[in-house]
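Overview (structure and organization)
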Amino acid sequence: MTNADVARIFAEVADLLEIRGEDVFRVNSYRRVARTIEDLPVDINEIAARGELTGLPGVGKGSAEKIQELLSTGKLQLREELVREIPESLLELREIPGVGPKKIALLWKERGIRSLADLKAALEAGKLAGLKGLGDKSIQQIKEGIEFLERSAGRVRLGIAAAVADLICDRLRRTRGVRRVEPAGSLRRGRETVGDLDLLCIADDPDLAIRTFTELPEVGRVLAAGQTKGSVLYQYAPGQSLQVDLRVVPEESFGAAWQYFTGSKEHNIRLRELALKRGWSLNEYGLTEGDKTIASRTEEEIYAALGLPWIPPELREDRDEFDTPPPEDLLTLEDIRGDLHVHTTESDGIHSLEEMVVAAAARGYKYLCIADHSRSSTIANGLTPQRLEKQMEEVRRLARKTRGLKVWIGTEVDILADGSLDFPDELLSKLDFVTASIHSGMGRDAATNTRRTIAAMQNRYVNVIGHPTGRLIGRREAMALDIEAICREAARTGTALEINASNLRLDLKDQHARLARELGALVCINTDAHSIDELEEMRFGVLTARRAALRSTDVLNTRSPAEIMKFVQAKRNKKK
DNA sequence: GCCGTTTTCGGCCCGACTGTTTTCAGTCG
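Residues numbered from 1 in each chain as written. Chains lettered and ligands numbered in written order. Predicted model: local features only at pLDDT ≥ 70, side-chain atom pairs only at ≥ 80, totals over all residues. Heavy atoms only, no water.

1. Description of the overall build of chain A
- For chain A, the helix and strand inventory stands at 22 helices and 17 strands.
- Relative to the globule expectation of 25 Å for 576 residues, the C-alpha radius of gyration of chain A, 26 Å, shows essentially globular dimensions.
- Viewed in the frame of its principal axes, chain A has a C-alpha envelope of about 80 × 65 × 50 Å.
- Across the 576 residues that make up chain A, the buried fraction comes to 53%.
- Within chain A, contacts between residues at least 6 apart in sequence are counted, and of these 68% link residues at least 24 apart.
- Measuring between centres, the 85 positive side-chain charges of chain A sit 1 Å from its 90 negative side-chain charges. (Helix = DSSP H or I, 4+ residues; strand = E, 2+ residues; numbered from the N terminus. Rg over C-alpha atoms; globule rule 2.2 N^0.38 Å. Buried < 20%, exposed > 50% of the residue type's maximum accessible area, 1.4 Å probe, protein only. Contact = heavy atoms within 4.5 Å. Lys, Arg positive; Asp, Glu negative; His and termini not counted. Charge placed at Lys NZ, Arg CZ, Asp CG, Glu CD.)

Structure (structure tokens):
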């Protein structure tokens, strides 16, 4: 039973209890446990084996026993009882916007609805009329909610949300009277996926700002358009929509609104609790004591009034940000001095060596390492040793002509099924820098995958493990892997672990990168760019690193070219 | 069900919006 399994079951139990009408605080405590376990970078089985379950946030004696029961029997008595009583398929209805536990219970008890299919049939047959507390408008709302559910693709990737936000913010900034536009929500926190976009603005003419927003050509449907808020479905690709909310807020309470709408919800709850302890109240208009405003203009003022340093948005997840102050030298995009994993037309990139070098120089980088695929990645046109030798000459020739930017020759060498590498050591030894990645056979068990990765790290020429878990967000799960063991071996062997900055990967993900830092493994943030545009994705890798509270010193490619070469030599010279 | 330099019992965040309502319940973020 994996962490995800346990988390899912606790979340389901919470939903079922809520439909049954249990105390909301008891329900929430199950949700809290689900979230804690989902967030956990290490295997819950090991924590249970060490008897440390009650040390986890929100896990008390009762939850610890239930987790133990799940891990040892694969079942949970409470859940079995609940599903005997309440049809499990009712949980589908939770996804419909505007439908919560009370309405679900009503539909089930009064009309015998047990699933989404039942609900659609009942709507079709007009069987919902006459329900107490559910008028015509509510019925219409449910219909529209189902339509929305069936059309929407759920959460979108960070890269898509960021592109949409950039575009809308840009148009709003060019609107008369608009003085400031900022993204908030999970986009600002740098989460790997975004449910909807939250934008804030200060405008002299709020009506004009909202109208400009709701009349953007890509807007498919306007959900709300009031004095202070506009809400639309924005079509970013054919048949693909994202909900975007724009709020116009007063300048004097911009900080409070920005803090409030950035979230996370859990972070905000903790913050309001802190306010309450001092007899104050915190909402989107400010931090107040009775009628008196204590802070509202900037986020910094609000955090300071509550006795906290300003907490960077990426850390606002109610993990440890209230107990551990954010590091002074939290990584920024400006700290990044080069990219050590990019492709060219020689394998499966779409831009040439020269084009990639020019683009990297334009970004102000100090170094760029060409890392095309190796021969086993045939689909990606992987290089044979002979082709790599030839590319090496070309890169070295270009490097001699290039000023201000070190151009290095490397490879993204395949880690084969048995953990050996796709190129011989003799060839690897001639390269400046080596990234090793798994591209095939990811379906094996955790022990096998971990063994393969560790074998690669034990090769003295391997400097980075590329996209260590192999996940593709929304497309492919991470492979089964003992991340803790990999971090320890990375630290021991002097091998860095990649945060692949591609918005499709972001792998290592935030919690894994956090574990790497705690275990002393160095992280390297690379774009794996297959085109010059993709060099831009470095920002997503940095956001992920910030969510892991990484300092610039935790990241290899914040170092100077000479220091990178020293890092490579140190491993090559290491005594076995 | 969890949790505690105000508490081991009695709390547990806050406001907006909507709909079905004459004072509130449900949902959402």
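Once you've had a look at it, read on.
2. Brief notes about helix 5 (residues 77–85)
- For helix 5, the complete set of buried residues consists of L78, R79 and L82. Seen along its axis, helix 5 keeps its buried residues to an arc of 95 degrees; they face one direction.
- The secondary structure elements touched by the buried residues of helix 5 are helix 1 (3–20), helix 2 (24–39) and helix 4 (61–73). (Arc of directions from axis to C-beta.)

3. Section: the pairing of strand 7 (residues 240–248)
- As paired elements, strand 4 (residues 197–203) and strand 7 share five bridges and run parallel to each other. Paired with C201 across the bridge in strand 7 is V248.
- Alignment of strand 6 (residues 229–237) against strand 7, held across eight bridges, turns out to be antiparallel. By the bridge assignment for strand 7, S231 is matched with D245.
- The turn linking strand 6 back onto strand 7 is made up of two residues, and G239 within it adopts a positive phi angle of 75 degrees. (Pairing = 2+ DSSP bridges.)

4. Regarding the sheet that holds strand 6
- One open sheet holds the five strands; their spatial order is 2-4-7-6-5, and the pairing between them is mixed. What marks the edges here is a single partner per strand, and that holds for strand 2 (178–183) and strand 5 (219–225). Each strand axis lies, on average, 25 degrees off the axis of its neighbour in the sheet, ignoring direction.
- Docked against the sheet, helix 11 (residues 206–214) engages strand 2, strand 4, strand 5, strand 6 and strand 7, running at close to 175 degrees with respect to strand 7. (Axes fitted to C-alpha atoms, helices over the stretch in contact; angles between N-to-C directions.)

5. Some words on the protein's contact with DNA strand B
- Close contacts around DNA strand B come from 38 residues, with G60, G98, G135, Y260 and R272 the closest.
- Sugar and phosphate atoms constitute 71% of the interface atoms of DNA strand B, taking the interface as everything within 4 Å of the protein.
- Between DNA strand B and the protein, one listed contact pairs a phosphate oxygen with a backbone N or O atom of G60 at 2.6 Å.
- Elements supplying a minimum of two residues to the surface near DNA strand B: helix 2, helix 4, helix 6 (101–111), helix 8 (136–151), helix 13 (265–277) and strand 8 (281–283).
- Examining the composition of the surface near DNA strand B, we find that six residues originate from one element, helix 13, more than from any other.
- Looking at side-chain class alone, the surface near DNA strand B contains 13 nonpolar, 12 polar and 13 charged residues. (Near = heavy atom within 4 Å. Polar contact = N/O pair within 3.5 Å; in protein donor to acceptor, adjacent residues only side chain to side chain. Nonpolar A, V, L, I, M, F, W, Y, C, P; charged D, E, K, R; others polar.)

6. Re the packing of helix 1 against helix 4
- Two numbers describe how helix 1 lies on helix 4: the axes approach to 11 Å, and their chain directions differ by 125 degrees. Considering their axes alone, helix 1 and helix 4 lie oblique with respect to each other. The handedness of the crossing between helix 1 and helix 4 is right-handed. Counting all contacts with helix 1, which are made through V6, I9 and F10, the residues of helix 4 involved are S63, K66, I67, L70 and L71. (Parallel < 35°, antiparallel > 145°, perpendicular 65-115°, else oblique. Left-handed = near helix turned anticlockwise from the far one by under 90°.)

7. Let's talk about the environment of L353
- One can find L353 in helix 15 (residues 353–362).
- Once residues within four sequence positions are removed from consideration, L353 is found in contact with T344, I370, E394, V395 and L398.

8. Looking at the nonpolar core
- I44, I67, L93, L119, L497 and I525 are the most contacted members of the largest nonpolar core, which has 110 residues in total.
- For this core, the leading source of residues is helix 1, giving nine residues.
- Setting aside its immediate chain neighbours within four residues, I67 contacts F10, V33, I37, I44, L53 and V59.
- Listed in part, the 32 residues of the second largest apolar core include C201, V244, V248 and L506. (Core = buried A, V, L, I, M, F, W, Y, C linked by side-chain atoms within 4.5 Å.)

9. Examining the pattern of salt bridges
- Tallied over the entire structure, the rule returns 45 salt bridges.
- In this structure, D510 engages R319 in a salt bridge whose closest nitrogen and oxygen atoms are separated by 3.4 Å. Taken together, the residues span a long stretch of sequence, with D510 in helix 20 (residues 510–518) and R319 in the loop between helix 14 (299–305) and strand 11 (338–342) at a distance of 191 residues.
- Residues joined by salt bridges that share partners form a network here, namely D39, R189, E317, R319, D510 and R547. (Salt bridge = Lys/Arg side-chain N within 4 Å of Asp/Glu carboxyl O.)

10. Observations regarding the packing of helix 9 (residues 158–173) against helix 21 (residues 538–547)
- The geometry of helix 9 relative to helix 21 is characterised by a closest axis approach of 11 Å and an angle of 115 degrees between their N-to-C directions. As the angle between them shows, helix 9 and helix 21 are arranged roughly perpendicular. Crossing angle aside, the handedness with which helix 9 passes helix 21 is right-handed. Note on element contacts: helix 21 touches helix 9 through R539, F540 and L543, opposite L158, G159, A162 and D166.
- Grouping the amino acids of the contact of helix 9 with helix 21 by side-chain chemistry returns four nonpolar, one polar and two charged.

11. Considerations on the sheet that holds strand 8
- Reading across the sheet, the three strands line up as 8-9-10 and stay open at both edges, with antiparallel pairing between neighbours. Two strands lie at the open edges of the sheet, namely strand 8 and strand 10 (292–295), each paired on one side alone. For this sheet, the mean angle separating the axes of adjacent strands, direction not counted, is 35 degrees.
- Here strand 9 (residues 286–289) pairs with strand 10 via three bridges, running antiparallel. In the strand pairing of strand 10, L287 is matched with A295.

12. Focus on the packing of aromatic side chains
- Per the stated rule, a full pass over the model turns up four aromatic pairs.
- Residues Y260 and F261 carry aromatic rings whose centres are separated by 4.9 Å and whose planes lie at 85 degrees to one another, so their mutual orientation is edge-to-face.
- For Y260, a relative accessible area of 28% gives the class partly exposed.
- Relative accessible area serves as the criterion here: at 17%, F261 is assigned to the buried category.
- Pairing Y367 with W408 gives two aromatic rings, centres 5.1 Å apart and planes at 20 degrees, and the pair type is stacked. Here W408 lies in strand 13 (residues 406–414) and Y367 lies in strand 12 (residues 367–370), a separation of 41 residues in the sequence.
- Judged by its relative accessible area of 0%, Y367 is buried.
- Exposure remark for W408: the relative accessible area of 7% places this residue in the buried category.
- A cation over an aromatic ring shows up here: R180 above the ring of W258, its NZ or CZ 5.1 Å from the ring centre.
- The residue whose ring lies beneath R188 is W258, and the NZ or CZ to ring-centre distance is 3.6 Å. (Phe/Tyr/Trp six-rings, centres within 6.5 Å; stacked < 30°, edge-to-face > 60°. Lys NZ or Arg CZ within 6 Å of the ring centre and 35° of its normal.)

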